[in-house]
Amino acid sequence: MPLVGILNLLKKVRPSGRNRWMACCPAHEDNSPSLSIAVGGNEKILLHCFAGCQLADITEAIGLSVSDLFPKITNDLEFSNRFKHASNLANQAELDALTLIIAKNELMAGRALSAEDQKTVTQAIDRLGNAIL
């Protein structure tokens, strides 16, 4: 769950530093904020009750589970598909870069490019430009 969603489930939320907040702990009767909320490495959400409440009790009190505090990790199949797509893009970029190097060498040697070669070079430039954007 995003941090904003978690903060919206808590009462008397106030900032207490960079990427840190204090709020009333939902796991016990709390009139003065005793729950520390922070963003840790890998965007995980850290909760600590200074009154001693357990993490599972805190998340349960706001209708969440402990796993909701961690960013979702893509499943293996999704990762595999994204990796294959990225690999295909990298291969095409390599071919496009080679096309441009060859065209540059031809032009520097004083040789003109055919209309077909100019079209291929233009397509390579467009694909590389779009990849950068």
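That block above? That's the structure.
All values derive from a computational prediction rather than experimental measurement.

Student: Break down the sheet that holds strand 1 (residues 11–17) for me, with residues and values.
Tutor: Read across the sheet, four strands follow the order 1-2-3-4 without closing on themselves; strand pairing throughout is antiparallel. Each edge of the open sheet carries a strand with a single partner, namely strand 1 and strand 4 (45–49). Here the average twist between neighbouring strands, direction ignored, is 25°. Note: strand 3 (residues 35–39) against strand 4, five bridges, orientation antiparallel. Considered in strand 4, the bridge of Ser 36 is made with His 48.

Student: Tell me about the pattern of salt bridges, residues and numbers included.
Tutor: What the rule picks out here adds up to two salt bridges. Arg 127 is the salt-bridge partner of Asp 96, the closest N and O atoms lying 2.7 Å from each other. Pair noted here: Asp 96 is in helix 3 (residues 76–108) and Arg 127 is in helix 4 (residues 115–132), with a separation of 31 residues, a long-range link. Note on Arg 127: relative accessible area 37%, which makes it partly exposed. Note that Arg 111 is salt-bridged to Glu 106, the shortest N-O span being 2.8 Å. Among the residues examined, Glu 106 registers a relative accessible area of 27% and is labelled partly exposed.

The rules we used
- Residues numbered from 1 in each chain as written.
- Predicted model: local features only at pLDDT ≥ 70, side-chain atom pairs only at ≥ 80, totals over all residues.
- Heavy atoms only, no water.
- Pairing = 2+ DSSP bridges.
- Helix = DSSP H or I, 4+ residues; strand = E, 2+ residues; numbered from the N terminus.
- Axes fitted to C-alpha atoms, helices over the stretch in contact; angles between N-to-C directions.
- Salt bridge = Lys/Arg side-chain N within 4 Å of Asp/Glu carboxyl O.
- Buried < 20%, exposed > 50% of the residue type's maximum accessible area, 1.4 Å probe, protein only.

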